[in-house]
Amino acid sequence: MGGSRAGLISKIQTVCRDLFLSGLIDSHSGNVSVRRGKNILIKKTGAQLRHFSKSDFVEFPLKALSHPGVSSDYLTHRKIYLEVPQAQAVLHAHPPTAVALSLFLNEIKTVDLEGHYYLPCIPVVSVNYKTYAEETRRKLPEVLRKYPVAIVRGHGTFAHGKDLDEALQWTTLVEQVSKIYFLSRLYKKIS
Ligand SMILES: [Zn+2]
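Residues numbered from 1 in each chain as written. Predicted model: local features only at pLDDT ≥ 70, side-chain atom pairs only at ≥ 80, totals over all residues. Heavy atoms only, no water.

Colleague: Quick question: what am I supposed to make of the layout of surface pockets here?
Modeller: In this structure, the largest pocket occupies an estimated 190 Å³ of space. If you go around the largest pocket, the residues you meet are Thr97, Ala100, Leu101, Phe104, Leu105, Tyr181, Phe182 and Arg185. Broken down by secondary-structure element, the contributors of at least two residues to the lining of the largest pocket are α3 (96–102) and α6 (164–190). (1 Å grid on protein atoms, 1.4 Å probe; cavity = no way out; pocket = protein on both sides within 12 Å on 5 of 7 lines; lining within 4 Å. Points joined across faces, edges and corners; volume = space filled by probe spheres on them. Helix = DSSP H or I, 4+ residues; strand = E, 2+ residues; numbered from the N terminus.)

Colleague: How should the packing of aromatic side chains be read in this particular structure?
Modeller: In this description, a pair of aromatic rings is defined by centroid distance and the angle of the planes. Under the defined criterion, the tally for this structure stands at 4 aromatic pairs. Arranged with centres 4.9 Å apart and planes meeting at 50°, the rings of Phe52 and Phe57 form a pair that is tilted. In this structure, Phe52 and Phe57 share a single accessibility class: buried. The structure contains a cluster of three or more aromatic residues connected by ring pairs, namely Tyr117, Tyr118 and Trp170. Note that Arg50 overlies the ring of Phe20, its terminal NZ or CZ placed 5.5 Å from the centroid. (Phe/Tyr/Trp six-rings, centres within 6.5 Å; stacked < 30°, edge-to-face > 60°. Buried < 20%, exposed > 50% of the residue type's maximum accessible area, 1.4 Å probe, protein only. Lys NZ or Arg CZ within 6 Å of the ring centre and 35° of its normal.)

Colleague: Help me out: how do you make sense of the pattern of salt bridges in this one?
Modeller: Working definition: two side chains of opposite charge can pair if their charged atoms are close together. For the coordinates displayed, the defined rule picks out 9 salt bridges. Each of Arg5, Arg36 and Glu59 takes part in one network of salt bridges that share partners. (Salt bridge = Lys/Arg side-chain N within 4 Å of Asp/Glu carboxyl O.)

See below:
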């Protein structure tokens, strides 16, 4: 993604505040990054997405296997950028309804019109909690080459887009269509 670094961080702040206020991340969860040519701009470990400063972000070459101050989450984002050429921004969130459904489904076949149009099928990537970081890195990029967003079972969503807004759109939509899916199933059971 182009633009000045300050402008980009201001945009990230808006997107992350929207995520928090929408209940899609809690106070300390989630992560965000953007591709900047051959570099990645990503949040430092420990910084909270709901409010952070410019110094909470670092930019460095994607070829680096680690960087001071970033968590192992970086390796997942890195793998997505390296293996999903169209990904310009990556957003990781914990949407509660989508995560709950992922415990029981291998994919969510959406039932409402908006879901049908934008995300007819949301894949669930199954990982063992003990080895989740390594398994997520190994399994997720291949799925994200075909889909704009996927749910890692029992954990959260990873969405990518041509920019941050598109990644936010997929993240908010996953929770919305998951709620409709869940409520329609619940109604059918009790009616
Ligand atoms: Zn997470």
